[in-house]
Amino acid sequence: MAQIFDLPEEAIKRLRALIPDEGFKTAADEALSKPSRECKGQPAAVHRLIISDDQRQGVVARLRLMLAREGFEECGSMLPIGHIYEGLIQTFSSESRLVV
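Reading the values: rules and limits
- Residues numbered from 1 in each chain as written.
- Predicted model: local features only at pLDDT ≥ 70, side-chain atom pairs only at ≥ 80, totals over all residues.
- Heavy atoms only, no water.
- Helix = DSSP H or I, 4+ residues; strand = E, 2+ residues; numbered from the N terminus.
- Areas by Shrake-Rupley, 256 points an atom, 1.4 Å probe, with all protein chains shown as cover.
- Expected span 1.5 Å × (residues − 1).
- Buried < 20%, exposed > 50% of the residue type's maximum accessible area, 1.4 Å probe, protein only.
- Arc of directions from axis to C-beta.
- Contact = heavy atoms within 4.5 Å.
- Core = buried A, V, L, I, M, F, W, Y, C linked by side-chain atoms within 4.5 Å.
- Phe/Tyr/Trp six-rings, centres within 6.5 Å; stacked < 30°, edge-to-face > 60°.
- Polar contact = N/O pair within 3.5 Å; in protein donor to acceptor, adjacent residues only side chain to side chain.
- Pairing = 2+ DSSP bridges.

(A) The arrangement of the overall build of the protein in detail. When helices and strands are counted, the protein shows four helices and four strands. On the protein, roughly 6,300 Å² of surface is accessible, and the fraction owed to carbon and sulfur atoms is 52%.

As structure tokens, then:
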């Protein structure tokens, strides 16, 4: 089953650069090639990213690894990039809307 995530352009571009999976990059390119959509009740514009459940799980695994390697300073405080990884992990950790 495919999963639908509505994400801002910046988040999709960041993920595209971080995730080496070609299938994910193709899905990201496809999402960015379509016009953005306005969020209901919010001024943000988002793009619809459609990925498989396996790709979603791969994104979470990759981001967790990157958070462990790059997200913390030696003294234990989280770096700004760690907060970004953590937010993306939270987004992709649960299933979104499903397309059958």
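(B) Just helix H3 (residues 53-70), in detail. The first and last C-alpha atoms of H3 sit 25 Å apart over 18 residues, in line with the 26 Å expected at 1.5 Å per residue. Within the span of H3, buried status applies to Gln55, Arg56, Val59, Val60, Leu63, Met66 and Leu67. When H3 is viewed along its axis, its buried side chains cluster within an angular range of 140° and face the same direction. Residues of H3 that are exposed and angled more than 90 degrees away from the buried face: Asp54, Ala68 and Arg69. Turning to H3, the residues buried within the fold contact strand E1 (2-7), helix H1 (9-18), helix H2 (22-33), strand E3 (45-52) and helix H4 (80-93).

(C) Seen up close, the nonpolar core. Membership of the largest hydrophobic core comes to 22 residues, with the highest contact counts inside it found for Leu7, Leu15, Phe24, Leu49, Leu63 and Phe92. Excluding residues within four positions of it along the chain, Phe24 makes contact with Leu15, Arg16, Ile19, Leu49, Ile51, Gln55 and Val59.

(D) Summary view of the packing of aromatic side chains. Taken as a whole and assessed by the stated rule, the structure comprises one aromatic pair. A ring pair is formed by Phe5 and Phe92, whose centres lie 4.6 Å apart and whose planes are at 45°; its orientation type is tilted. Note that Phe5 is positioned in strand E1 and Phe92 in helix H4, a separation of 87 residues in sequence. Taken individually, Phe5 and Phe92 each receive the classification buried, so the pair is uniform in this respect.

(E) Broad picture of the side chain of Arg56. The topology assignment puts Arg56 in helix H3. Looking at Arg56, its side chain comes within polar contact range of the main-chain oxygen of Ser93, at 3.2 Å. In this structure Arg56 touches Gln3, Phe5, Ile51, Phe92, Ser93, Ser94 and Glu95, once residues within four positions along its chain are discounted.

(F) Examining the pairing of E1 more closely. Counting buried residues along E1, five of its six residues qualify, which places the element largely inside the surrounding structure. Direction of pairing for E1 relative to E3: antiparallel, over a ladder of six bridges. Within the sheet, the bridge partner assigned to Asp6 lies in E3 and is Arg48.

Nothing here speaks to function; it is geometry throughout.
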